[in-house]
Amino acid sequence: MDLSELAPGYIRAIAPYQTGKPIAEVAREMGLPESDIVKLASNENPLGASPRVLAAIENVIMELARYPDGNGFTLKTALAARHGVGLEQIVLGNGSNDVLELAARAFLMPQTSAVYSQHAFAVYPLATQVVGARGIEAPAKDFGHDPEALLAAIADDTRILFIANPNNPTGTLLDPVQLLGLIERVPENVLVVLDEAYTEYLPEEMKSDSVGWLKRFQNLIVTRTFSKAYGLAGLRVGYALASAQVASMMNRVRQPFNVNSLAQAAAVMAMQDEAFLDECLAINRAGMVQLTDGFKRLGLTYIPSYGNFVAVRVGDAAAINLSLLKQGVIVRPVANYGLPEHLRVSVGLEGENKVFLQALERALKEIKK
Ligand SMILES: *Cc1c(COP(=O)(O)O)cnc(C)c1O
């Protein structure tokens, strides 16, 4: 018997999420030492985590036999103070990926739909499909979210509009005026899930007052993560801010201990270490210039990005990617995002960016031959 037949059709139809290749796997496959591999594939923080965060984690290690605080009181208190919201407005997640799914599981079901943009983060269609809802993809404009197309795509049965701002993998952004204009026009019976995984990287004038908007829009859910600018991707911690009613629904479908104790302690300390965050942002700005200058030198176009990554148009991306892998450089092909000629590269340290650009130049020459 084919046991996969026991799963609903909408589960069988799911295409598995493609993660960045792990360093050990590429080292094994290409016969290279792990220390020679440069991984710029998952928008991870090239500086790692702050030393103060690592110390905070060590303090919790002795308590690993205990369950974490299922209500995340200390972390929620710190987040509430930071954002000026009530504890009842916060939903903690095992990464923000988790809270995106909590929103889908709380508010979507078969016979409902969710809207998201073409080229938008792959988790939105996945989270929608898992609960048997219908995904509606609105066409992008200049690789980014098109407010008019998103509004036009909203159907009678739509419960969630997902917006990634900035978006991954394109790095595109709706500025505060565009974003507010969009949210104002979304019907109040449609939840707006505003995914701000990269918001820390934005220049001040491009930062939306999304948390402030929660007072006006009961249907708004803002999601954030400690995985990117704070360098804690491996620990898995993120959160959503929403109206108390919406947060309460999301918390009902949450696993009681979905955020582990190391992650909770690390997130609290990460928010305090502003000097480390500033250093990460400065390295990202410099690395972005280094990469985009390199692309210009190589005659390549790229999608201007507001994140810690950039999508560059290389032509035969699959072939270029293979050549890069053979040279020990891991980036992310984005054909599954409808971008078969682009590769997404995360901003690394200066030396890593340099190795990548040199490998890219070699790959381009090789493919031309
Ligand atoms: C990386 C990313 C996330 C979430 O990552 P977590 O590690 O699960 O917090 C969410 N949205 C976008 C657009 C991302 O790129």
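Residues numbered from 1 in each chain as written. Predicted model: local features only at pLDDT ≥ 70, side-chain atom pairs only at ≥ 80, totals over all residues. Heavy atoms only, no water.

- The name given to the protein in an unreviewed UniProt entry is Histidinol-phosphate aminotransferase, with the source organism recorded as Sulfuricella denitrificans.
- Here the protein is described in UniProt, under the heading Cofactor (unreviewed entry), as follows: "pyridoxal 5'-phosphate".
- In its Subunit (unreviewed entry) section, UniProt records this for the protein: "Homodimer." (UniProt positions renumbered as here; feature names shortened; annotations may be inferred.)

**Describing the overall build of the protein**
Reasoning step 1: Scanning the protein for helices and strands turns up 14 helices and 13 strands.
Reasoning step 2: Computed over C-alpha atoms, the radius of gyration of the protein comes to 21 Å, within 12% of the 21 Å expected from 2.2 N^0.38 for 369 residues, which places it in the range of a compact globule.
Reasoning step 3: The principal-axis extents of the C-alpha atoms in the protein amount to approximately 60 × 55 × 50 Å.
Reasoning step 4: Counting across all 369 residues of the protein, residues that qualify as buried make up 53%. (Helix = DSSP H or I, 4+ residues; strand = E, 2+ residues; numbered from the N terminus. Rg over C-alpha atoms; globule rule 2.2 N^0.38 Å. Buried < 20%, exposed > 50% of the residue type's maximum accessible area, 1.4 Å probe, protein only.)

**Focus: the environment of Ala133**
Reasoning step 1: Relative to the helices and strands, Ala133 is located in the loop between helix H6 (123–130) and strand E4 (134–138).
Reasoning step 2: In contact with Ala133, other than residues within four places in its own chain, are Leu108, Met109, Pro110, Thr112 and Thr128. (Contact = heavy atoms within 4.5 Å.)

**What about the pairing of strand E3 (residues 113–117)?**
Reasoning step 1: With five of five residues buried, E3 lies mostly within the body of the structure.
Reasoning step 2: Side chains Ser113, Val115 and Ser117 of E3 all project onto a buried face; the interleaved residues Ala114 and Tyr116 project onto the opposite face, where all are buried too.
Reasoning step 3: Pairing of E3 with E4 involves five bridges; the strand directions are parallel. Each bridged residue has a counterpart across the sheet, and for Ser113 the counterpart in E4 is Arg134.
Reasoning step 4: Regarding topology, H6 serves as the crossover connection from E3 to the parallel E4, and that connection is right-handed.
Reasoning step 5: Inspection of the sheet shows E3 paired to strand E5 (residues 158–164) by three bridges, in the parallel sense. Within E5, the residue paired with Ser113 across the bridge is Thr158. (Pairing = 2+ DSSP bridges. Right-handed = clockwise from strand over helix to strand, strands pointing away.)

**Overview of the packing of aromatic side chains**
Reasoning step 1: Summed over the entire model, instances satisfying the criterion amount to eight aromatic pairs.
Reasoning step 2: Pairing Phe121 with Tyr124 gives two aromatic rings, centres 5.7 Å apart and planes at 80°, and the pair type is edge-to-face. Across the pair, exposure class does not vary: Phe121 and Tyr124 are buried alike.
Reasoning step 3: Look at Phe295 and Tyr302: their rings are 5.9 Å apart centre to centre, the planes differ by 50°, and that puts the pair in the tilted class.
Reasoning step 4: The buried category is assigned to Phe295, whose relative accessible area is 0%.
Reasoning step 5: Each residue in the set Phe121, Tyr124 and Phe162 is aromatic and connected to the rest through ring pairs, giving one cluster.
Reasoning step 6: Residue placement shows Arg344 over the ring face of Phe309; its charged tip is 5.9 Å from the ring centre. (Phe/Tyr/Trp six-rings, centres within 6.5 Å; stacked < 30°, edge-to-face > 60°. Lys NZ or Arg CZ within 6 Å of the ring centre and 35° of its normal.)

**Focus: a nonpolar patch on the surface**
Reasoning step 1: A cluster of nonpolar side chains, Met1, Leu3 and Leu6, forms an exposed patch at the surface whose accessible area comes to about 420 Å².
Reasoning step 2: Position of Leu3 among the secondary structure elements: in the segment before helix H1 (9–12).
Reasoning step 3: Exposure remark for Leu3: the relative accessible area of 58% places this residue in the exposed category. (Patch = residues over 30% accessible without salt bridge, like charges linked within 9 Å, V, L, I, M, F, W, Y side chains within 5 Å. Areas by Shrake-Rupley, 256 points an atom, 1.4 Å probe, with all protein chains shown as cover. Salt bridge = Lys/Arg side-chain N within 4 Å of Asp/Glu carboxyl O.)

**A few points about the nonpolar core**
Reasoning step 1: In terms of nonpolar packing, the biggest core is built from 58 residues, with Leu75, Leu79, Val186, Leu220, Phe226 and Leu232 touching the most fellow members.
Reasoning step 2: Here the element with the most residues in this core is helix H11 (residues 261–272); it accounts for eight residues.
Reasoning step 3: Two domains each provide a minimum of three residues to this core, namely domain 1 (3–48 + 275–368) and domain 2 (51–273).
Reasoning step 4: With residues near it in sequence (within four places) discarded, Leu75 still touches Leu92, Val237, Gln264, Ala267, Val268 and Met271. (Core = buried A, V, L, I, M, F, W, Y, C linked by side-chain atoms within 4.5 Å. Domains from an automatic or database assignment.)

**Here we look at the sheet that holds E5**
Reasoning step 1: Taken together, seven strands build an open sheet; the order of strands is E2-E8-E7-E6-E5-E3-E4 and the sheet is mixed. Two strands bound the open sheet, and with one partner strand each, they are strand E2 (90–93) and E4. Shown here is a sheet whose adjacent strand axes are inclined to one another by a mean of 20°, direction ignored.
Reasoning step 2: Across the sheet, helix H4 (residues 73–83) lies against E2, strand E7 (220–225) and strand E8 (238–242), angled at about 125° from E2, the strand it touches most.
Reasoning step 3: Packing against the sheet, helix H10 (residues 244–252) makes contact with E2, strand E6 (191–195), E7 and E8, and its axis sits at approximately 30° to E2. (Axes fitted to C-alpha atoms, helices over the stretch in contact; angles between N-to-C directions.)

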